[in-house]
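Topology and contacts: notes
Next come the chains, spelled out residue by residue.
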Amino acid sequence: MSLGDLNVACARALVDELARGGMAHACLSPGSRSTALALALERHPAVQTHVHLDERSSAFFALGISKATGRPVGVATTSGTAAAELLPAVVEASQSRMPLVLLTADRPPRLRGTGANQTIDQAGLFGRYVREDLEPPLPATSEHPERWRDAGRSAIRAAAGLPIGPVHVNCPFDEPLVPTEPLASKDADRVHVRQKPSADLVGPDDVERAARALSGARGLVVAGGRSWDDLQPVLDLAGSLAWPVVAEPTSLVRVRERSLAAGQHLLGCAAWLDDHRPDVVLQVGAYPTSRATQRLVAAAPTLIVVDVHHLEPDPDGRASWRLRAQPEDLAKALLGRPFARDDEPILFAHTGDVAPRVEELEARRIAPAPFGWRAEWQGADDRARATIDRTIDAWDQPFEGRVARDVAAAVPKGGVLVVGSSMPIRELDAFMAPRDGLRVLANRGASGIDGFVSTALGVAAAGAPTFAFCGDLTFLYDVGALIWNARRGLDLVLVVVNNGGGTIFGYLPQRDLPEFDRLFRTPHGMDLGAICAAADVGHARIERADDLSTAVHEAASAGGIHVVEVMIDADLDRARHGEVQDAVDEALRSVR
């Protein structure tokens, strides 16, 4: 066997094991040193490959597929700075718990530190952001393919374990890089094993402690970014407790008749909240995105956080109890238990293992949940939602909150909405109406704007009807992905809010600096329509609020990639956010 054939045999053994562990997609970028990896991935019957010019974009595209499918996705590069381009997506995958498998081709170890062309020290390149760093041996003997197969098994175990995350396999190859023998194909009928990570088990003591803390209290369920598989038990538990649910769009539990429709605006009304402060907040999933919910959990007398995947769902250390478990496991264990309700008081027993402020709370009788606690919240929520819709529907000029509401409503049942960081995710949290049949995905691990277009395109490659909502700078940052993928058979409707730059800074103290525009807002003055024409993707420009939904539906019906650009007056938009909250505050005066 020639060395070129041995290189491919080792790569094939690695890829075969990754596919056996559930990897059905891989993203590649051109390079010579990665020839064996590219051939092994392209010729494997169970792996669909996606080719990208830009390694950074390739990695975010893979991230999108992983977010959409929940399965490991491979990213293969050549050596040198090509491998370094993966770092931003690796950071996001690590923080958001996505199982990327990074396959970086490398030159022989003997060349490291010698100044050899396109050679850097790739071992440990991604530091603490990968779950494991693996390097199989330089292919040299017939025994080495089995060593590479072992590396594939280890990679799958590490990516699927807790915490889920990316794994780096650095793959050294010596020349010649091209095989002399045809690569034998394997049977396409393979069994994929999707490994489900195991969380800490919810024990009887945990269930009893939770029951004591929840029973009889006035409480709220706060659902952050999703970290569980079965949504129903969490909603059923909230119903059993008669507690309202404040659900972020990415939690996937902002559904009709089960969660609040105007939660952020209720929490933003100081007078309402002063009269309806919960005794207990049960937070499931990630730390909240919006400031109103962050303030709520920070001020809760008792905060219980149940989550297993997220990096730190309680970064301020406010939790009275942090249970590292799947939320649905706790909810299932609690369902069917008799909770104290209405006029039935409950005496909390001291457990001795909670923060002092909670010991004081548990040492006295907690006022029972008054009749209508949830009904009061629901009545206020109905009034607030109606006020929001009536207010924003009266404005002819596009308003970012309405854009968020209308885009979420326009996605067909079974579709996916990928939402950008900065203002769009917050607008969606504040204005999206509860609905069924919608998945909302976002890069909220590190909350960057880089790679967003690539991520959305990766989600689209997974097959579901895909829509995206982002700001103009987010769009421009990753516009190369739009150009590269325009003719590759993907369907994506991308709604871009064009407000002339980074308007989120207009809500922050930096707005008062004399250098605000130049250093923070960074107005771009670019013609997005011209960019779309150059990329050969569809484009529509929206200047009237009522025209957005029609434009989104028409773009989706046409197929392919389309950009719907919505023109926003940033200063007017900021003022109108205040008008909406003022209208809600006024509407709630009569129900306090």
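Everything in this summary refers to the structure shown in the same document.

So, how was this worked out
Residues numbered from 1 in each chain as written. Predicted model: local features only at pLDDT ≥ 70, side-chain atom pairs only at ≥ 80, totals over all residues. Heavy atoms only, no water. Helix = DSSP H or I, 4+ residues; strand = E, 2+ residues; numbered from the N terminus. Buried < 20%, exposed > 50% of the residue type's maximum accessible area, 1.4 Å probe, protein only. Contact = heavy atoms within 4.5 Å. Areas by Shrake-Rupley, 256 points an atom, 1.4 Å probe, with all protein chains shown as cover. Pairing = 2+ DSSP bridges. Axes fitted to C-alpha atoms, helices over the stretch in contact; angles between N-to-C directions. Phe/Tyr/Trp six-rings, centres within 6.5 Å; stacked < 30°, edge-to-face > 60°. Parallel < 35°, antiparallel > 145°, perpendicular 65-115°, else oblique. Left-handed = near helix turned anticlockwise from the far one by under 90°. Nonpolar A, V, L, I, M, F, W, Y, C, P; charged D, E, K, R; others polar. Expected span 1.5 Å × (residues − 1).

What the protein contains, in helices and strands, is 23 helices and 19 strands. Burial statistics for the protein: of 592 residues in total, 58% are counted as buried. Within the protein, contacts between residues at least 6 apart in sequence are counted, and of these 77% link residues at least 24 apart. When the accessible area of the protein is evaluated, it comes to approximately 23400 Å², of which 50% is carbon and sulfur surface.

For the rest of this paragraph, the subject is the sheet that holds strand β14 (residues 415–419). A sheet is described by the order of its strands in space; here 6 strands give the open sequence β15-β14-β16-β17-β19-β18, paired in parallel fashion. Each edge of the sheet is formed by a strand with only one pairing partner; in this case those strands are β15 (438–442) and β18 (538–542). Direction aside, the axes of adjacent strands within the sheet are offset by 20 degrees on average. Pairing of β14 with strand β16 (residues 466–471), which is carried by 4 bridges, proceeds in the parallel orientation. The residue of β16 that forms the bridge with V416 is T466. Relative to the sheet, helix α16 (residues 423–431) contacts β14, β15 and β16, its axis offset from that of β14 by approximately 125 degrees. Contacts between helix α22 (residues 548–558) and the sheet are confined to β16, β17 (492–498), β18 and β19 (561–567), with β19 contributing the most and set at about 170 degrees to the helix.

Let us now look at the packing of aromatic side chains. Tallying each qualifying case throughout the model produces 5 aromatic pairs. Consider the rings of W395 and F399, whose centres lie 5.3 Å apart with planes at 80 degrees: the pair is edge-to-face. Like F399, W395 is buried. Residues F399 and F431 carry aromatic rings whose centres are separated by 5.5 Å and whose planes lie at 85 degrees to one another, so their mutual orientation is edge-to-face.

Turning our attention to the packing of helix α14 (residues 373–393) against helix α23 (residues 570–588). Axis separation between α14 and α23 bottoms out at 9 Å; the angle between their running directions is 140 degrees. Between α14 and α23, the crossing angle belongs to the class labelled oblique. Classified by chirality, the crossing of α23 by α14 is right-handed. Of the residues in α23, those touching α14 at A380, R383, A384, T387, I388, T391 and I392 are V580, A583, V584, A587 and L588. Per-class residue counts for the contact of α14 with α23 are 9 nonpolar, 2 polar and 1 charged.

With that settled, the discussion passes to helix α3 (residues 55–69). Under the 1.5 Å per step criterion, the end-to-end length of α3 is 21 Å for 15 residues, consistent within 8% with the ideal 21 Å. Within two residues after α3, G70 carries a phi angle of roughly 75 degrees, on the positive side.

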